[in-house]
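Here is what each chain is made of, one letter per residue.
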Amino acid sequence: IEVLGATAIEDKLQEQVPETIEKIRKAGIKLWVLTGDKLETARNIGYSTKVLTTEMNIQTLDNGEEGGSSLASVVQNLQAEATGHAMMVTGKALTGILDDPGKKQEFLGAS
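Remember, it's a predicted structure, so these values are computed and weren't measured experimentally. (Residues numbered from 1 in each chain as written. Predicted model: local features only at pLDDT ≥ 70, side-chain atom pairs only at ≥ 80, totals over all residues. Heavy atoms only, no water.)

K.L.:
Give a detailed account of the pattern of salt bridges, specifying residues and quantitative values.
P.N.:
The final tally for this structure, using the stated rule, is three salt bridges. Among the salt bridges present, the one from Lys50 reaches Glu22, with a minimum N-O distance of 3.7 Å. Taken together, the residues Lys50 in the loop between α2 (39–49) and β1 (57–61) and Glu22 in helix α1 (residues 17–26) connect sequence positions 28 residues apart. Using a relative accessible area of 33% as the deciding quantity, one classes Lys50 as partly exposed. (Salt bridge = Lys/Arg side-chain N within 4 Å of Asp/Glu carboxyl O. Helix = DSSP H or I, 4+ residues; strand = E, 2+ residues; numbered from the N terminus. Buried < 20%, exposed > 50% of the residue type's maximum accessible area, 1.4 Å probe, protein only.)

Here it is as structure tokens:
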């Protein structure tokens, strides 16, 4: 096999996106971001846009696929004292939560 060429696409952020999101967070406004990306990609985007910060209590809910916790554990861990809180949820985990009325209420209460 001979490589004739290669290309890559970088989806750059618009100007002032990280600064604007940081102001929204500091104002105490809850921010939800929905993406179809894998958790690691979503995490990297979260840091680059300042939706996530290294000081945050970040919990992962993924049905154990990538080492995340159960909903009850995530909800409990989000109660801990922290500069900020974030919950990263995979689509598969979210589908399971939304299909169960009790878990749905617990999830919405935590977010």
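K.L.:
Account for the layout of surface pockets, with residues named and values stated.
P.N.:
Taken as a whole, the largest pocket spans an internal volume of roughly 1300 Å³. If you go around the largest pocket, you meet 37 residues; those closest to its centre are Leu31, Trp32, Val33, Ala86 and Met87. Looking at the lining of the largest pocket, the elements that each hand over two or more residues are α2, β2 (85–89), α4 (91–98) and α5 (101–110). Considering every element that reaches the lining of the largest pocket, the biggest residue donor is α2, with six residues. Its residues assigned to classes, the lining of the largest pocket comprises 19 nonpolar, 12 polar and six charged. (1 Å grid on protein atoms, 1.4 Å probe; cavity = no way out; pocket = protein on both sides within 12 Å on 5 of 7 lines; lining within 4 Å. Points joined across faces, edges and corners; volume = space filled by probe spheres on them. Nonpolar A, V, L, I, M, F, W, Y, C, P; charged D, E, K, R; others polar.)

K.L.:
Which residues make up the environment of Asp100, and what values do they have?
P.N.:
If you trace the backbone, Asp100 turns up in the loop between α4 and α5. Within the structure, Asp100 has its side chain in polar contact with the backbone nitrogen of Gly102 (distance 2.9 Å). (Polar contact = N/O pair within 3.5 Å; in protein donor to acceptor, adjacent residues only side chain to side chain.)

K.L.:
An account of the pairing of β1 is needed here, citing residue identities and associated values.
P.N.:
Among the five residues that make up β1, four are buried, leaving the element largely enclosed by the rest of the structure. Both β1 and β2 contribute to a ladder of five bridges, which runs parallel. Bridge pairing links Asn57 to His85 in β2. (Pairing = 2+ DSSP bridges.)

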